[in-house]
2 protein chains.
Amino acid sequence: VTGAEAFIAVDWGTSNRRAWRMDAGGAVEDSFADGCGILDTPADAFGAEIAFLRETLGDLPMLLGGMVGSNRGWREAPYVPCPASTADLAKGILWIDRRTGIVPGVSQDHGDAPDVMRGEETQIAGALASGLVPQDALLCLPGTHAKWVRLEEGRIAGFTTWMTGELFALLGDHSILAPQLAGEARPGPGFAAGVTASGEGDALGHLFRIRAASALGAPMADAPGYASGLLIGAEVRAGMAQMQGEAPWLIGRHDLCALYAAAIGRVRGEDTDTTRLIEGDAAFRAGIAALIGELP
Amino acid sequence: VTGAEAFIAVDWGTSNRRAWRMDAGGAVEDSFADGCGILDTPADAFGAEIAFLRETLGDLPMLLGGMVGSNRGWREAPYVPCPASTADLAKGILWIDRRTGIVPGVSQDHGDAPDVMRGEETQIAGALASGLVPQDALLCLPGTHAKWVRLEEGRIAGFTTWMTGELFALLGDHSILAPQLAGEARPGPGFAAGVTASGEGDALGHLFRIRAASALGAPMADAPGYASGLLIGAEVRAGMAQMQGEAPWLIGRHDLCALYAAAIGRVRGEDTDTTRLIEGDAAFRAGIAALIGELP
């Protein structure tokens, strides 16, 4: 694998996969996506799935990132401990064969704050390589398990995972609030009210208001927004407080980044800043290209 | 119904019911409990269930409290708005017939902090009538939906519900942490570490450490304790901060109250105070007796 040829970039997560054929310059030539996540793929089926992706997108070198490299995926690509540079990640690629590799995750091994990521490191490498974030920066990557990442001299220096997305889904699927939480969270007055209420310092002590308002016959107009605002508000307050109030760069899905940007603006008392939003899939592809560029 | 005769007290919740035959002096003569909660009881079956309880415990006047008075229970006993005294609760009893009544819940109707309770108001009335708590006090009633209650001049002046217990159950039953959270939370070093970590101001940003420690091959020795300590720690810090750090009286199940007492002691930098623990069932029975004492 060298940077002088076309390649396939695959983001293979728990519940879906996306793949792109890229030319040597990093432009997308073709793409494929489906709901076949690693949990839907038997351990002995990965080889055939890789062959399928090459039949679909071209017989080309391939780098895969995300949960495909976890102990529940195809083969475990051991974590690279932070501080981790793009070059460190490239050195840590697990080569299945001469032209098929799995990008490693990154770990934080401090005894009292252990943490792990898989997939986000590639997006971060892409944002750095594209010049979209500075070498020293605070990043936030919203998602089921959101990551807050400190970059120092272009390396992942440390990070914290927030289970905000998973918690919101749990509340909507299984809690006493489920009837009120049907529907998506969107920026708006309900979301803003939740972000404001999270500033009272006890977001978890406000969620039951959603149920109480219904029991009292005055249901909230936008309960999903309020709940999301409480949880994301608590997250962005704590994430920024650890960095003296610095606003993070946001990397991820557009709708989630828009919610986070709205929360950050509200906590900082500013208008929503749309200049720090970086599209997650584009960052991932740029990260795969950057890793290939680091290969000897 | 008068205070001069024996009676039956029934605490009928969502997933179980407890009933006691009490003599006119408030002493327990007999009891019954099973897993037949209101959600297991068809709407047209409550009459027969009441007859069954009287066959089992005696043909006596009966007062029922808890979710049996909700819109998912037998008949809805409208909430009494706070501030609410024991006399206010007695006036709000919904009489099904001459000698069968349902105790109302209490509501907080502030537009921006709506809240409701059902069952706890009876325990509070009992703790007051027994002289176990002062007329002006901060109370905490741990449970699936924990209540923090301000008493002023013997009345429920205001309160906040925390979904801590339900959230802990959701994480153990449905989250990515489920494999690590099998087992009960108990006071100990893991719980203490969670309470301490909750002081960093972002309890929800620490839960993923449980998963990360496992992924890194060094699983926590007591993950249920750590998770419980994080959540209860965040709750007691916020609950006490609203009252200038005052320690609450605890009313509820012994095991839960012990966890809360351990968290409160740790947050206050003191030994665990076991002098403020009030057994929940005894408080409930005393509350039913106090309500009967208020009847004309």
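Reference entry: report on the structure contained in this document. (Residues numbered from 1 in each chain as written. Chains lettered and ligands numbered in written order. Predicted model: local features only at pLDDT ≥ 70, side-chain atom pairs only at ≥ 80, totals over all residues. Heavy atoms only, no water.)

### A closer look at the packing of aromatic side chains
Residue and element names in this part refer to chain A.
Line of reasoning, step 1. The tally for this structure, following the rule as stated, stands at eight aromatic pairs over all chains.
Line of reasoning, step 2. Their ring planes at 45 degrees and their centres at 6.2 Å tell us that W20 and F284 sit as a pair that is tilted. Separated by 264 residues along the polypeptide, W20 in strand β2 (residues 17–22) and F284 in helix α9 (residues 280–293) bring together distant segments of the chain.
Line of reasoning, step 3. A network of ring pairs unites the aromatic residues W12, F46 and W74 as a single cluster.
Line of reasoning, step 4. Between R118 and the ring centre of Y79, over which it is positioned, the NZ or CZ distance is 4.3 Å. (Phe/Tyr/Trp six-rings, centres within 6.5 Å; stacked < 30°, edge-to-face > 60°. Helix = DSSP H or I, 4+ residues; strand = E, 2+ residues; numbered from the N terminus. Lys NZ or Arg CZ within 6 Å of the ring centre and 35° of its normal.)

### Here's the deal with the pattern of salt bridges
Residues and elements named next belong to chain A.
Line of reasoning, step 1. What the rule picks out here adds up to 24 salt bridges over all chains.
Line of reasoning, step 2. R99 is the partner of D59 in a salt bridge, and the nearest nitrogen-oxygen pair spans 2.3 Å. Of this pair, D59 sits in the loop between α1 (46–57) and β4 (62–65) while R99 sits in the loop between β6 (94–97) and β7 (100–102), and the two are 40 residues apart along the sequence.
Line of reasoning, step 3. Classification of D59 by relative accessible area gives exposed; the value is 57%.
Line of reasoning, step 4. Taking relative accessible area as the criterion, R99 reaches 23% and is therefore assigned partly exposed.
Line of reasoning, step 5. Residues joined by salt bridges that share partners form a network here, namely D11, R18 and D281. (Salt bridge = Lys/Arg side-chain N within 4 Å of Asp/Glu carboxyl O. Buried < 20%, exposed > 50% of the residue type's maximum accessible area, 1.4 Å probe, protein only.)

### Describing the sheet that holds strand β1 (residues 7–12) of chain A
All names here are of chain A.
Line of reasoning, step 1. Judged by pairing direction, the sheet is mixed, and its six strands sit side by side in the order β3-β2-β1-β4-β7-β6 without closing on themselves. Edge positions in the sheet fall to β3 (28–34) and β6, since each has one partner strand and no second. Shown here is a sheet whose adjacent strand axes are inclined to one another by a mean of 20 degrees, direction ignored.
Line of reasoning, step 2. Where β1 meets β2, six bridges bridge the pair, whose relative direction is antiparallel. Bridging across to β2, I8 finds its partner in R21.
Line of reasoning, step 3. Strands β1, β2, β3 and β4 of the sheet are contacted by α9, whose axis makes an angle of about 130 degrees with β1. (Pairing = 2+ DSSP bridges. Axes fitted to C-alpha atoms, helices over the stretch in contact; angles between N-to-C directions. Contact = heavy atoms within 4.5 Å.)

### Overview of the interface of chain B and chain A
Line of reasoning, step 1. In this assembly, 39 residues from chain B lie in contact with 39 residues from chain A.
Line of reasoning, step 2. Here chain B packs against chain A, burying approximately 3,300 Å² in sum over the two surfaces, 71% of which is carbon and sulfur.
Line of reasoning, step 3. For the chain B face of the interface with chain A, the top three residues by lost area are M163, L204 and F208 of chain B, together amounting to 20%.
Line of reasoning, step 4. Where chain B meets chain A, there are four residue pairs in polar contact (both at pLDDT 80 or more).
Line of reasoning, step 5. Among the elements of the structure, β8 (106–108), β9 (115–117), β12 (155–162), α4 (164–174), α6 (208–215) and α7 (223–241) of chain B are those that each provide at least two residues to the side of chain B that touches chain A.
Line of reasoning, step 6. Tallied by class, residues from the side of chain B that touches chain A come to 20 nonpolar, 10 polar and nine charged. (Buried area = accessible area lost by both parts, 1.4 Å probe. Polar contact = N/O pair within 3.5 Å; in protein donor to acceptor, adjacent residues only side chain to side chain. Nonpolar A, V, L, I, M, F, W, Y, C, P; charged D, E, K, R; others polar.)

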